[in-house]
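A structural walkthrough
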Amino acid sequence: MRNRIIAGNWKMNLTPTETEDYIRSFLPLVVNPLCPRSANATPDPGGSERGLPDVGVVLIPPFTSLDRAGRLLVGCPSISLGAQDLHFEKSGAFTGEVSATMLVDCSCRYVLVGHSERRHVFGESTALIAAKLQAALGSGLVPILCVGETLDERRRGSTLDVLVRQLSTALAAPNLDGCNLRLESVVIAYEPVWAIGTGETASSLQAEETIREIRAWIASALGTESAEQMGILYGGSVKPSNTAELLSQPNIDGVLVGGASLKPDSFASIVSMASASRSEPA
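First, a word on scope: everything that follows refers to the structure included in this document. The shown structure was predicted, so the numbers you read here are calculated from the model rather than taken from an experiment.

A word on the pattern of salt bridges
- Scanning all chains against the criterion turns up 13 salt bridges.
- Via salt bridges that share partners, Asp 85, Arg 118, Glu 124 and Lys 132 belong to a single interconnected network.

The following block contains the structure:
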């Protein structure tokens, strides 16, 4: 069974002080069973955490909040820290950029790669996104590779062509030499551009159909084992009211949440739904 991931992308919101307030409010809402120990406790070297090992929560704050968030989440291994982007070089004269090594030192485990806003607002190419994914894997970070089509592309019936182009550039022939993680560790997030921040949401059946096609392409390009192991999330105006239906689909392994993750009670509700649905008998 693939692990379920519930990730909250805060985008350019919440200062470090606001991040601390958020985490102190959020932890008690999910403390049982996700985070049985105090946020300031020393990690248990025996790994005796209780709870649901198949459901993982990822908080993805801005760069400025990563260090503080990482310190607050010590002792709570079911809640991981992620970053919103990274540079593909390890260091150098790249003003304003952040490397994978820096993210790891802030206790990040995950990093978004190729979010639609990076592709469409900042003009990142598929080749650049592939280089970032390679840098993440090489540093032991788990990339959440975002793919998705625009409304015009969907109306033209070219959704699958767009997704295959985005996926194949990043995944089909990466140079894995020196990487600390296998390609199967990559998480895919299908986020239709027309459903991000618009209030529009792909229906659960639309999302399931597209994600099933993504998994089929992974099986044909990378092998059945990779397709079975890779987690695929849905992102795009996810909120408490549509989470249960989305997670009821067999190929949707979790959700990438935007605006609804900015309120601790709203995001905790989504996490609770994921935990409940995963614990239900098949």
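Here we look at the packing of aromatic side chains
- The full count for this structure, using the stated rule, is four aromatic pairs.
- An aromatic cluster is built from Trp 10, Tyr 22, Phe 26 and Phe 267, whose rings are joined through pairwise contacts.
- The aromatic ring of Phe 122 is capped on one face by Arg 118, whose charged end is 4.0 Å from the ring centroid.

Some remarks on the environment of Gly 70
- Secondary-structure assignment places Gly 70 in helix 2 (residues 66–72).
- Spatially, the C-alpha atom of Gly 70 lies 7.3 Å from that of Cys 108, the residues being 38 residues apart in sequence.
- Aside from chain neighbours lying at most four places away, what touches Gly 70 is Leu 81, Cys 106 and Ser 107.

Re the pairing of strand 2 (residues 55–60)
- Counting buried residues along strand 2, five of its six residues qualify, which places the element largely inside the surrounding structure.
- One ladder, built from six bridges, connects strand 1 (residues 4–9) with strand 2; its direction is parallel. Across the sheet, residue Ile 6 finds its bridge partner in strand 2, namely Val 57.
- Sheet topology note: the strand 2/strand 3 (residues 79–83) ladder contains three bridges and is parallel. Bridge assignment links Val 57 to a residue of strand 3, and that residue is Ile 79.
- Note on the crossover from strand 2 through helix 2 to strand 3: the handedness is right-handed.

Comments concerning helix 1 (residues 16–30)
- Given a rise of 1.5 Å per residue, 15 residues ought to cover 21 Å, and the 21 Å separating the end C-alpha atoms of helix 1 matches this to within 8%.
- Among the residues of helix 1, those classed as buried are Thr 19, Tyr 22, Ile 23, Phe 26, Leu 27 and Val 30. Buried residues of helix 1 fall within an arc of 125° about the axis and therefore sit on the same side.

Quick look at the state of the cysteines
- Applying the stated criterion to the full structure yields zero disulfides.
- Between Cys 106, a free cysteine, and Cys 108, which holds the nearest cysteine sulfur, the sulfur-to-sulfur gap is 6.0 Å.

Concerning the nonpolar core
- In terms of nonpolar packing, the biggest core is built from 66 residues, with Phe 26, Leu 145, Leu 171, Ile 188 and Tyr 234 touching the most fellow members.
- Not counting residues up to four positions away in its chain, the partners in contact with Tyr 234 are Tyr 190, Pro 192, Ala 195, Thr 201, Ala 202, Ala 207, Ile 211, Leu 246, Ile 252, Gly 254, Val 255 and Leu 256.
- Core analysis: the second largest hydrophobic core is formed by 13 residues, Ile 5, Tyr 110, Val 142 and Val 187 among them.

Conventions and cut-offs
- Residues numbered from 1 in each chain as written.
- Predicted model: local features only at pLDDT ≥ 70, side-chain atom pairs only at ≥ 80, totals over all residues.
- Heavy atoms only, no water.
- Salt bridge = Lys/Arg side-chain N within 4 Å of Asp/Glu carboxyl O.
- Phe/Tyr/Trp six-rings, centres within 6.5 Å; stacked < 30°, edge-to-face > 60°.
- Lys NZ or Arg CZ within 6 Å of the ring centre and 35° of its normal.
- Helix = DSSP H or I, 4+ residues; strand = E, 2+ residues; numbered from the N terminus.
- Contact = heavy atoms within 4.5 Å.
- Buried < 20%, exposed > 50% of the residue type's maximum accessible area, 1.4 Å probe, protein only.
- Pairing = 2+ DSSP bridges.
- Right-handed = clockwise from strand over helix to strand, strands pointing away.
- Expected span 1.5 Å × (residues − 1).
- Arc of directions from axis to C-beta.
- Disulfide = S-S within 2.5 Å.
- Core = buried A, V, L, I, M, F, W, Y, C linked by side-chain atoms within 4.5 Å.

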